[in-house]
Amino acid sequence: MVEGNEYTIDLNGKDLSLEKMGGKANNLGKMISNGFNIPPAFIVSVDAYDFFIKKELKNKITEILNSIDFKDDKSLSSGCSSIRSIITSKELPRNLFLEIVRRIENLPEGYYAVRSSAVAEDLEDASFAGQLDSFLNIDKENILDNIIKCWASYWNSHAVKYRHDSSIGHLDSELKATGIAVIVQKMVDADISGVTFTANPVNGSNEIVIESAWGLGEAIASGLVTPDIFVLNRDGKIIEKKIKTKNNGYFLRNGTNTLVTIDKKNKKRSSLNPALLKKLFKMGIELEEFFCGAQDIEWAIECGKDDGKFDEPSNSNIYILQSRPVTTLTDEKENNDILWTRAYGDEYWADATTPLFYDVMGKMLTDYVNHEGARIMGYNEITDSKLLKLHKSRVYFNSWVLEKAFSYYPKFARSQELLNYFPLEDQERISQYPSILHKTLLSQILVAIRDPDGMMNRTDKAYRKWAKGFMEKCESFDETDLGSLNDRELLSLYDDIEKSGIKHYQLIRYGMVSHSIATNLMIKNWLLKWLDDKDGSLYAGLISGLDDNKTVQMNIRLSDLAKILREDNDLFSKLDSVNNRSPITESDVNRLIDSNHNFKKAFDLFITDYGHRSNTREILYPRWSEDKTYILSVVKLLSSSDLDLRKKEFESREHRIKTEKEVSSRIKKQMGGFFKEKVFKIVLGLAQTYLTFRENQRFYLDHLLFRQRLMLREMGRRLCNNTIIGELDDVFFLYEKELVSFFTSIKEIDENISMEYRNKISERKKEFHRYKSSLPPKFIKNGIEFDDTVMEYDKNAIYGAAASPGIFSGVARVVESIGELSHLKENEILITSNTDPAWTAVFSKIGGLVTETGGILSHGAVISREYRIPAVTAVKGATSIFKTGEELVVDGNEGIVFKKE
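Reading the values: rules and limits
- Residues numbered from 1 in each chain as written.
- Predicted model: local features only at pLDDT ≥ 70, side-chain atom pairs only at ≥ 80, totals over all residues.
- Heavy atoms only, no water.
- Salt bridge = Lys/Arg side-chain N within 4 Å of Asp/Glu carboxyl O.
- Helix = DSSP H or I, 4+ residues; strand = E, 2+ residues; numbered from the N terminus.
- Buried < 20%, exposed > 50% of the residue type's maximum accessible area, 1.4 Å probe, protein only.
- Pairing = 2+ DSSP bridges.
- Axes fitted to C-alpha atoms, helices over the stretch in contact; angles between N-to-C directions.
- Contact = heavy atoms within 4.5 Å.
- Parallel < 35°, antiparallel > 145°, perpendicular 65-115°, else oblique.
- Left-handed = near helix turned anticlockwise from the far one by under 90°.
- Nonpolar A, V, L, I, M, F, W, Y, C, P; charged D, E, K, R; others polar.
- Phe/Tyr/Trp six-rings, centres within 6.5 Å; stacked < 30°, edge-to-face > 60°.
- Lys NZ or Arg CZ within 6 Å of the ring centre and 35° of its normal.

> Would you mind going over the pattern of salt bridges in detail, with residue names and values included?
Any two side chains of opposite charge can pair, so long as their charged atoms come close to each other. Counted according to the given criterion, the structure contains 42 salt bridges. In this structure, the salt-bridge partner of Lys600 is Asp604, at a minimum N-O distance of 3.0 Å. Highlighted residues: Lys600 and Asp604, both in helix H23 (residues 597-610), separated by four residues, approximately one helical turn. Residue Lys600 is classed as partly exposed on the basis of its relative accessible area, which comes to 31%. Classification of Asp604 as partly exposed rests on a relative accessible area of 30%. For Arg653, the salt bridge goes to Glu649, with nearest N and O atoms at 3.9 Å. Of this pair, Arg653 and Glu649 both sit in helix H25 (residues 645-668), four residues apart, roughly one helical turn. The network of salt bridges with common partners includes Asp460, Arg464, Asp548 and Lys550.

Here it is, written out as structure tokens:
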């Protein structure tokens, strides 16, 4: 605790403390005290927050924290909302109030930024980035209210959950990782803004990269404008310069960031002249030397006169807004120039990944999909390459392996959906990479000889045969009491199930990686070339309404349950009552299900058929048979609509048949039409088969993963009972070799070894929870992360990939986790990072879909076409660019999302 007159801090003071100021403010203070030009500012210290909370609110907040069930989103949200309400409604102690007000009154006129600066924000083992609120363009009269709003944001649901999961105290001010400071800083009336990287984010070299555009930095951050790019060597010589067309820019007008059309003479003109570029280069080098490491520097320039600002007079003032370490540098430096891409990994791992699951599925993809498959097909260059990398709890693929594999594809098959796995600067090169058609033909001959089940006419049949046999094995497994097995028997059973699943991976390497992509792209290409199917409506019609799609069948069954619920008001009221309570117990669920005989019968049968599925592949999380609450919430959501998915699927099937006849007729009328139609019909049949294959393989993979999860949890239970790990689910934060070693080692596990593994698990859990709600950059190279530039269409639109045709205008709903789907309303546009089959149950309600990842064959795209919902995938930064409540237009024909004026 501090005495009066110490609750606010001058940034030019000498005794600056991270514990009092937080990471952002501490950096600013260091720069000011060492002569760097920072906009005028002062800090409301952590002591001020701590004094207010401890003196007035600690007991109330503690009581609310103790009532929160951190496993229940509603309980967490309600508790945090209550804490924020009491913070914003309580008057400040008089001495604290007067000190802050005096500081504000002494500020020069203008508009201010009021930013949160958490103590834990920049510590090595914690990351609060983006979780706390900041407020821009605040006039002096409203600064105090916004300081309190920043304090309240320390209690946002995401921040509280993060602290809980990372074992960071919420109220213990003795800990170095608690508390929040607030920066009050004058807004720069910027004429030019940008960023300087003192390490090239694309190739990891020590080149200086400067990006700039007219106006405030918001235009660059939002993706509205592609900035000018300057690459300089360490001598300051420009080695690359890209001047972009900058149609718009944000400028500070009367306290508002106003979008302004750039006049014609400046649209294509460089936003930096040589003198400013030299100053920015020098400033970057100095900051790097001062902070002893590569820096990511945000800056803004006021040109110093009201007219002709873009002439950049000599008295231009460069302000440093922020300088932080280039945190994209990874701990593990690669031995070569491997480019790692997260984009392909999103097809397999849609969510954050635990170390154990990375091993469980990663070794299968490496050993059987990649290495064994490459050897069979004669892809000798990639038979031993490292395929995968786990980074920030996300799985990245070796792009060199993908590129070599794609070189065996004909050029027309290198569609934009596949090219999106690579950086923009590489896409043109890869699309024009010479086709190795003779090797492609040889690979098919080798498959026919070495692995006949890989032939296109046999893979689906072979998979169905395997699936039937595997389901019989699962029936035998389900009769086994895992707890009664000794360690050796448990490991033997695990090995048996794992080996039984190898055939799954050996067949998907053809069915998904080759057959599905090749045939669907051929059909798409022919429809465009022969029938001018630019909007993809014919393609969508041909591949929807297919028989035996397990995901569609699952959604129909959920729709049937919703219909029963809709027709029983008493049952609906009971479900509504249960859903509004926290937490929901197993007995609540069972009592509700038992209250309606027809509902219970249909629900129990659903769990029998689909209880092995989950909201994610990640085996850390319960399957539906283990936790039925998600199914109930989806059924309730679907019951608000009278849409009958059985009827809709019948209509989709009829539409497909009609489209097939129309396409066949139109192709026959062309030159060589008889031959074209015969070939088209054969390839279409294969495309439809392997599109269904693509969906259904996930259904059976879920069966495999469910049984593996049950055995791994049994192993975890035994380790927990022997106090080797702290809690049962800690087992998923071991790597597979570590786990197996506990059951195969003849040595006694002593306390030191146990403590070592507990520490490792603790660190891995912190990383997992830190990154599970955020999507890390798309690429890594030489240890540096980077993303593609957002593809702009015009000032209000962003490019993605056209995934399902049609145009829909409606209100956006940004959903960052499957738990938030309950907020979804009829005909809203669902915007999310990625989707899983479990998400598709609610697609019948939405009007449009926008995802940050995925292509035309992703689950979201397939089911969108099934329900004729316009969809755009691969929209970089969609969940941050678009906001809930915004009016948007989703153009699934062109792959563009528009913000309505």
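> Give a detailed account of the sheet that holds strand E12 (residues 295-302), specifying residues and quantitative values.
Taking strand neighbours across the sheet as the criterion, the six strands line up as E9-E8-E7-E6-E12-E13 in an open arrangement whose pairing is antiparallel. For this open sheet the edge positions go to strand E9 (238-242) and strand E13 (317-325), each flanked by a neighbour on one side alone. Here the strands of the sheet are splayed against their neighbours by 15° on average, with no regard to which way each runs. Both strand E6 (residues 192-197) and E12 contribute to a ladder of six bridges, which runs antiparallel. Bridged to Gly194 within E12 is Trp299. Together, E6, strand E7 (208-214), strand E8 (228-232), E9, E12 and E13 form the strand contacts of helix H9 (residues 274-291), whose direction differs from that of E12 by roughly 140°.

> Talk me through the packing of helix H17 (residues 487-500) against helix H26 (residues 673-721); I want residue IDs and the actual numbers.
Contact geometry of H17 with H26 gives a least axis separation of 10 Å together with a crossing angle of 160°. Judged on the interaxial angle alone, H26 and H17 are roughly antiparallel. As for how H17 packs across H26, the hand of that crossing is left-handed. On H26, the residues that touch Asp487, Leu490, Leu491, Leu493, Tyr494, Ile497 and Glu498 of H17 are Leu704, Arg707, Gln708, Met711, Leu712, Glu714, Met715 and Arg718. When its residues are assigned to classes, the contact of H17 with H26 shows nine nonpolar, one polar and five charged.

> Please set out the sheet that holds strand E16 (residues 394-398) residue by residue, giving values where relevant.
Strand pairing in a sheet takes place through backbone hydrogen bonds and is either antiparallel or parallel in direction. An order of E15-E16-E14-E17-E18 is seen for the five strands of this open sheet, with the pairing classed as antiparallel. Here the strands that pair on one side only, and so sit at the sheet edges, are strand E15 (388-391) and strand E18 (784-786). Pairwise comparison of adjacent strand axes, ignoring direction, gives a mean angle of 30° for this sheet. Taken together, the four bridges between E15 and E16 define a ladder with antiparallel strand orientation. For His391, the partnering residue across the bridge sits in E16 and is Arg394.

> How would you sum up the packing of aromatic side chains? Please name residues and give values.
Tallied over the full model, the rule gives 25 aromatic pairs. Taking the centre distance of 4.9 Å and the plane angle of 75° together, the rings of Phe290 and Phe291 count as edge-to-face. Owing to a relative accessible area of 28%, Phe290 belongs among the partly exposed residues under this scheme. On the basis of an interplanar angle of 75° and a centroid distance of 6.0 Å, the ring pair of Tyr610 and Phe699 is categorised as edge-to-face. Of this pair, Tyr610 sits in helix H23 while Phe699 sits in helix H26; the two residues are 89 residues apart in sequence, bridging distant segments of the chain. Phe699 matches Tyr610 in its accessibility class, with the two residues each being buried. Through successive ring pairs, a cluster of aromatic residues spans Tyr463, Trp466, Phe470, Phe606, Tyr610, Trp624, Tyr630, Tyr690, Phe693, Phe699 and Tyr700. It is Lys149 that lies over the ring of Phe135; its NZ or CZ is 5.8 Å from the centre. Of note, Lys760 hangs over the ring of Tyr757, and the distance from its end group to the ring centre comes to 4.9 Å.

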